[in-house]
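Structural overview
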Amino acid sequence: MARADGILQGAPLDALRQRHRGPLLLPGDDGYDAARAVWNGMIDRRPAVIARCRGPADVMAAVDAARTAGLPVSVRGGGHNVGGKAVCDGGVMLDLTAMRWVHVDPERRRAQAGGGTLWGDFDHEAQAFGLTCTGGVVSTTGVAGLTLGGGIGYLTRRHGLACDNLLSADLVTADGRLVHASDDRNPELMWALRGGGGNFGVVTSLEFQLHPVGPEVAAAVVFYPIDQAEDVLRRYRTYAEAAPDAIACYAMVVNAPPDLPAEHQGRPVLAIVGCHADDVDAGRELLQPVAGFGRPIAAVIDAMPYTALQTSFDAGNPTGQRYYWKSQHLTGLPDELIDAVCRYARDLHGDFTIIGIEPLGGAQGRVPPDATAFPHRSVPFSLGIWTGWADPAADRDNVAWTRDFFAAVQPFGAGAYVNYLGDDEADRVGEAYGGNMARLVEIKRRWDPDNLFRVNHNIAP
Ligand SMILES: Cc1cc2nc3c(=O)[nH]c(=O)nc-3n(C[C@H](O)[C@H](O)[C@H](O)COP(=O)(O)OP(=O)(O)OC[C@H]3O[C@@H](n4cnc5c(N)ncnc54)[C@H](O)[C@@H]3O)c2cc1C
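Residues numbered from 1 in each chain as written. Predicted model: local features only at pLDDT ≥ 70, side-chain atom pairs only at ≥ 80, totals over all residues. Heavy atoms only, no water.

Let us now look at the domain arrangement of the chain. Each assigned domain of the chain is listed here: domain 1 (10-95), domain 2 (102-213 + 436-447) and domain 3 (216-420). The distance between the C-alpha centroids of domain 1 and domain 3 comes to 34 Å. Between domain 1 and domain 3, the residue contacts involve 6 residues of the former and 11 residues of the latter. Approximately 780 Å² of surface area, both sides summed, lies buried where domain 1 meets domain 3, with 63% of it carried by carbon and sulfur atoms. The three residues of domain 1 that bury the most area against domain 3 are W39, M42 and V82, which together make up 75% of that side's buried surface. Joining domain 1 to domain 3, the criterion identifies 0 salt bridges. Our enumeration of links across domain 1 and domain 3 arrives at 4 residue pairs in polar contact (both at pLDDT 80 or more). (Domains from an automatic or database assignment. Contact = heavy atoms within 4.5 Å. Buried area = accessible area lost by both parts, 1.4 Å probe. Salt bridge = Lys/Arg side-chain N within 4 Å of Asp/Glu carboxyl O. Polar contact = N/O pair within 3.5 Å; in protein donor to acceptor, adjacent residues only side chain to side chain.)

Right, let's talk about the packing of helix α8 (residues 229-242) against helix α11 (residues 335-346) for a bit. Between α8 and α11, the least distance of the axes is 9 Å, while the angle of their chain directions is 135°. In terms of orientation, α8 and α11 fall into the oblique class. Relative to α11, the crossing made by α8 is right-handed. For the pair formed by α8 and α11, the contact residues are A229, E230, L233, R234 and R237 on the first element and D335, I338, D339, V341, C342 and R346 on the second. By residue class, the composition of the contact of α8 with α11 is 5 nonpolar, no polar and 6 charged. (Axes fitted to C-alpha atoms, helices over the stretch in contact; angles between N-to-C directions. Helix = DSSP H or I, 4+ residues; strand = E, 2+ residues; numbered from the N terminus. Parallel < 35°, antiparallel > 145°, perpendicular 65-115°, else oblique. Left-handed = near helix turned anticlockwise from the far one by under 90°. Nonpolar A, V, L, I, M, F, W, Y, C, P; charged D, E, K, R; others polar.)

Take helix α3 (residues 56-69) next. With 14 residues, α3 extends 20 Å from end C-alpha to end C-alpha; this agrees with the ideal 20 Å at 1.5 Å per step. Among all positions in α3, only D58, V59, A61, A62, V63, D64, A65, A66 and A69 are buried. Lining the buried residues of α3 we find α1 (10-19), β2 (49-52), β3 (73-76), β4 (92-95), β8 (166-172) and β10 (202-209). Phi turns positive one or two residues past the end of α3, at G70, with a value near 70°. (Expected span 1.5 Å × (residues − 1). Buried < 20%, exposed > 50% of the residue type's maximum accessible area, 1.4 Å probe, protein only.)

Burial analysis of strand β18 (residues 381-389) places 9 of its 9 residues in the buried class, the great majority of the element. Here β18 shows two buried faces, one formed by F381, L383, I385, T387 and W389 and the other by S382, G384, W386 and G388. As paired strands, strand β16 (residues 322-330) and β18 are joined by 9 bridges and run antiparallel to one another. Of the residues in β18, the one forming a bridge with S327 is G384. Alignment of strand β17 (residues 354-359) against β18, held across 6 bridges, turns out to be antiparallel. Note that in β18 the partner of E358 across the bridge is S382. (Pairing = 2+ DSSP bridges.)

The subject of this paragraph is the site of the ligand. Lining the immediate environment of the ligand, one finds 34 residues, of which G77, G79, G142, I152 and Y417 sit closest. Contact between the ligand and G142: an oxygen atom at 2.8 Å from a main-chain N or O atom of the residue. Side-chain polar atom of Y417 to an oxygen atom of the ligand: 2.5 Å apart, as the coordinates give it. Surface burial for the ligand is 97%, taken as the share of its 950 Å² of free accessible area covered by protein chains. For the shell around the ligand, the secondary structure elements donating two or more residues are β3, α5 (143-149) and β10. If one sorts the elements of the shell around the ligand by residue count, α5 sits on top with 4 residues. Grouping the constituent residues of the shell around the ligand by class yields 16 nonpolar, 16 polar and 2 charged. (Near = heavy atom within 4 Å. Areas by Shrake-Rupley, 256 points an atom, 1.4 Å probe, with all protein chains shown as cover.)

This next bit is on the sheet that holds strand β13 (residues 247-255). Within a beta sheet, neighbouring strands are joined by backbone hydrogen bonds and run either parallel or antiparallel to one another. Strand order across the open sheet formed by 7 strands is β15-β12-β14-β13-β17-β18-β16, with antiparallel pairing between neighbours. Since the sheet does not close on itself, it has two edges, and those belong to β15 (298-305) and β16, each with one partner. Taken over all neighbouring pairs, the strand axes of this sheet differ in orientation by 15° on average, direction set aside.

Turning to empty space enclosed by the protein, a few remarks are in order. The full count for this structure, using the stated rule, is 2 cavities of 30 Å³ or more. Computed from the structure, the largest cavity encloses a volume of approximately 990 Å³. As for the largest cavity, its lining consists of 50 residues, and the residues nearest its centre are H80, N81, G145, L146 and N419. At the level of elements, β3, α5, β10, β13, β16 and β17 are the ones that each hand at least two residues to the lining of the largest cavity. Per-element accounting of the lining of the largest cavity gives the leading share, 5 residues, to α5. Roughly 40 Å³ of volume is contained in the second largest cavity. (1 Å grid on protein atoms, 1.4 Å probe; cavity = no way out; pocket = protein on both sides within 12 Å on 5 of 7 lines; lining within 4 Å. Points joined across faces, edges and corners; volume = space filled by probe spheres on them.)

Attention shifts here to the layout of surface pockets. Its volume calculated, the largest pocket comes out at about 430 Å³. V254, N255, P257, F313 and G316 are, among the 17 residues lining the largest pocket, the residues nearest its centre. Elements supplying a minimum of two residues to the lining of the largest pocket: β12 (216-225), β13 and β14 (268-276). A per-class count over the lining of the largest pocket returns 12 nonpolar, 4 polar and 1 charged. Within this model, the second largest pocket holds a volume of roughly 220 Å³. As for the second largest pocket, its lining consists of 15 residues, and the residues nearest its centre are R67, A174, D175, D448 and D450. Breaking the lining of the second largest pocket down by element, the ones donating at least two residues are α3 and α14 (437-447). A breakdown of the residues in the lining of the second largest pocket according to their chemical character gives 7 nonpolar, 1 polar and 7 charged. Each of two domains, domain 1 (10-95) and domain 2 (102-213 + 436-447), supplies a minimum of three residues to the lining of the second largest pocket.

With that settled, consider the nonpolar core. Counting 43 residues, the largest nonpolar core has L233, Y236, I272, L287, V290 and V409 as its most contacted members. The dominant element in this core, judged by the number of residues it contributes, is α11, at 7 residues. The contact partners of L287, leaving out residues within four places of it in the chain, are A218, A219, A220, Y239, I247, C249, C275, H276 and I301. (Core = buried A, V, L, I, M, F, W, Y, C linked by side-chain atoms within 4.5 Å.)

Below, the structure is given as structure tokens:
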């Protein structure tokens, strides 16, 4: 028999072996357990086979094998999806970690990146020319996964979402073909790739528009005691709402980092972290007010390599710990919301927890809601409750705390962001796509009518 439930064996496996150049890992093989582990240590799924693809030909072979055997497909880029969508139970997991490459064309200000590239790879290459585009704020997040869902970062207000900078992509579709999508070729598919997630195929390369940024930018990193949080956040609100597009400042509650004075250790602190994306001297001036929202514990407002800013949260988000997230876009930062955030901030659960307020608006807010699949263009902020801890015995308590917190702030919500949805939030996919959902379903019906690509925040055909 060729196929038992969730097992790839016999002729289909032999056919895949003949076409696939990268390693194929089966349960029990050396490296299988390491390859199925992702950023969120709560994810424990066992694919029938892990195909470590070396390029588009391997991706085509693995997609064909899954479709022929009737098995689901999952795609691993950076492995950062909190819901663990990179890994499937009993299906074909396409591991793109060997497809990490970046080619920069500095004259045309464009870059191509492989489907498994990380933002650290991308910024490293592009910054050699003083160029980049909007990426995530942690360097080990995947370029494809982040961009396909939208992509928020320090440059969002200046240069749009990551997906607004996506010019074209090559992807292997459900029928196993390699297809090019751009505004000229397959424009409907291109529209869907700008925010529609991994629903339409396996992206093997992405082409981006680059902008002059860095290599040094003016950056602010300011820590306030948690007992000043109510006042600091009100001043942050006033500042962020009036800031020029070049400025993006995040407000984040974190456990005090080790370099802060002893009296703050073991307690949460409020960090304002941000940058000015253009001129360094002007940026330094414009960021000065950030140190005056209260009486800071520590404040640095100075020039910093953009690549250093882009790695400054890496250590605070360690791989393999346990994570549970809730998040939503916000219509604003009313006093009642700030007070609720501060109440939960004082009772922060989990050693790796971050409560994050991300600034939106600016350039990304001027894109019409139906110009790309990402519809939430008029919201000024986004709120993330990103709970993280080490001890499995604390799972129940930390999940309950996150849900309680979310329930308290939900009345201020204005939609979901697909890249932050957890595994238990399939019912919020409609909230993520809003008025663009019907068009996405139409495109899904055309390109993946049997929903081969369903291990994701799924748009059902
Ligand atoms: C520590 C951390 C920091 C983050 N920071 C930000 C941030 O600053 N801004 C932001 O917007 N988001 C951020 N995110 C969320 C992030 O955008 C999503 O988790 C995203 O899904 C990660 O992509 P990935 O490739 O790393 O993840 P993976 O788990 O590998 O992939 C997630 C999903 O993306 C799709 N996918 C990935 N690669 C491909 C591909 N080549 N072709 C087709 N589909 C693909 C698949 O559906 C897959 O299931 C962060 C997440 C973490 C854990």
